[in-house]
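Each chain, letter by letter, is given below.
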Amino acid sequence: MIITTPNKTVLTEQHAFDPTKTFTCGQCFRFQPKQGGFFGIAGGREIFVSGDKTETVLFCPAEDFESFWREYFDLDRSYDALRALAAGDPFLEAATEFGDGIRLLRQEPFEALCTFIISQCNNIPRIAGIVERLAQHFGTPIGSGFAFPAPHALASLSLEALAPLRAGYRAPYLLAAAQAVASGTLDLAFLSDPDLPLDEVRKKLMTLPGVGRKVADCVLLFGLGRWDAFPVDVWMQRALAQYYPAGFKPERFPQAAGLFQQYIFYYIRHLSKAHAVT
DNA sequence: GGCCAGGTGCGTA
DNA sequence: TACGCACCTGGC
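Residues numbered from 1 in each chain as written. Chains lettered and ligands numbered in written order. Predicted model: local features only at pLDDT ≥ 70, side-chain atom pairs only at ≥ 80, totals over all residues. Heavy atoms only, no water.

K.L.:
Give a description of the protein's contact with DNA strand C that names residues and reports values.
P.N.:
In the region of DNA strand C, the neighbouring residues are Arg126, Arg166, Ala167, Gly168, Tyr169 and Arg170. By atom count, sugar and phosphate contribute 57% of the portion of DNA strand C lying within 4 Å of the protein. Within the side chain of Arg170, a nitrogen or oxygen atom sits 3.0 Å from a base oxygen of DNA strand C. Considering only residue class, the surface near DNA strand C consists of two nonpolar, one polar and three charged. (Near = heavy atom within 4 Å. Polar contact = N/O pair within 3.5 Å; in protein donor to acceptor, adjacent residues only side chain to side chain. Nonpolar A, V, L, I, M, F, W, Y, C, P; charged D, E, K, R; others polar.)

K.L.:
Pulling in residues and values, what's your account of the packing of aromatic side chains?
P.N.:
What the rule picks out here adds up to 28 aromatic pairs. Between Phe29 and Phe116 the ring centres are 6.0 Å apart and the planes differ by 65°, which places this aromatic pair in the edge-to-face class. Pair noted here: Phe29 is in the loop between α1 (19-24) and β3 (32-34) and Phe116 is in helix α5 (residues 109-118), with a separation of 87 residues, a long-range link. Of the residues examined, Phe116 reaches a relative accessible area of 3% and is grouped as buried. Here the aromatic rings of Phe68 and Trp69 are separated by 4.9 Å at their centres, their planes lie at 80°, and the arrangement is edge-to-face. Looking at Phe68, the relative accessible area reads 15%, which means it is buried. Members of the aromatic cluster, joined through ring pairs, are Phe91, Phe98, Phe230, Tyr243, Tyr244, Phe248, Phe253, Phe260, Tyr263, Tyr266 and Tyr267. Over the ring of Phe39 we find Lys34, and its NZ or CZ is 4.7 Å from the ring centre. Against the face of Trp227 rests Arg77, its NZ or CZ located 3.6 Å from the ring centre. (Phe/Tyr/Trp six-rings, centres within 6.5 Å; stacked < 30°, edge-to-face > 60°. Helix = DSSP H or I, 4+ residues; strand = E, 2+ residues; numbered from the N terminus. Buried < 20%, exposed > 50% of the residue type's maximum accessible area, 1.4 Å probe, protein only. Lys NZ or Arg CZ within 6 Å of the ring centre and 35° of its normal.)

K.L.:
Describe the domain arrangement of chain A, and please don't skip the residues or the numbers.
P.N.:
Splitting chain A by domain gives domain 1 (2-76) and domain 2 (109-223). With ten residues of domain 1 in contact, the opposing surface of domain 2 contributes 17 residues. Summed over both sides, the interface of domain 1 with domain 2 buries roughly 1000 Å², with 63% coming from carbon and sulfur. There are one salt bridge connecting domain 1 and domain 2. When the shortest N-O distance is used, the salt bridge between Arg30 and Glu132 registers 3.4 Å. Remark: the boundary between domain 1 and domain 2 carries two residue pairs in polar contact (both at pLDDT 80 or more). (Domains from an automatic or database assignment. Contact = heavy atoms within 4.5 Å. Buried area = accessible area lost by both parts, 1.4 Å probe. Salt bridge = Lys/Arg side-chain N within 4 Å of Asp/Glu carboxyl O.)

And the structure:
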């Protein structure tokens, strides 16, 4: 059930939105823990999210919830039927159970593109830092923070101007991506069409420098809503080799592959921490 | 000080 | 196709 008041919206259990899992499972980098919840900015709006799996509270204007956050948090999709597809696969069942409460965010395409370009060969705190500095330097103020910059705000910048980001060798990739989107060479709105073949959109994304298969799949999944995309990074590679020696076929789950990827990723990161020698 | 971190692009076989 | 290696930067 969704209960909306003028400045907050409460979600009950059936939506299974666990803020901690959702914001720490590795899909996004701009929601920061604060005052017992998470503070974030997207779509030029700010929001504070608190609660747990049984009750989630979104502090935002009601009109923002309806016009933006509802879709951003993917609240109109039932995950139960998709999660049930894991039945019969013990590892997938365990991962799905562990990740219960994760919602796959429908992030903005350009922000997702930049974020996952930055993520390559990088660690999470540093990724978050670079993305945050990107917003602070080139985004517009929103409430107590900054919106992620629009493509045109980055496209005309020089590499020197990007130096404060300390993005390293990824800086020219960011510029190229911004220029491609701002100029229309890469039309992210067009590529959002769910009827386009996955490999066609992926191929288009991979024409950008610094965008290979993995980054492209992250953009497809997190920015373009393509749940048939199944990003495989080094962690996934190791896990799949260990638990699926005969191979894992994401094509078996055209509606849920991306969700399962996130469950597996979150689960194996947990396992590796649990087994880490301290 | 060396190594590694949620990849990619390029050269070589 | 498969592999090795460099690439900025920051933390351990």
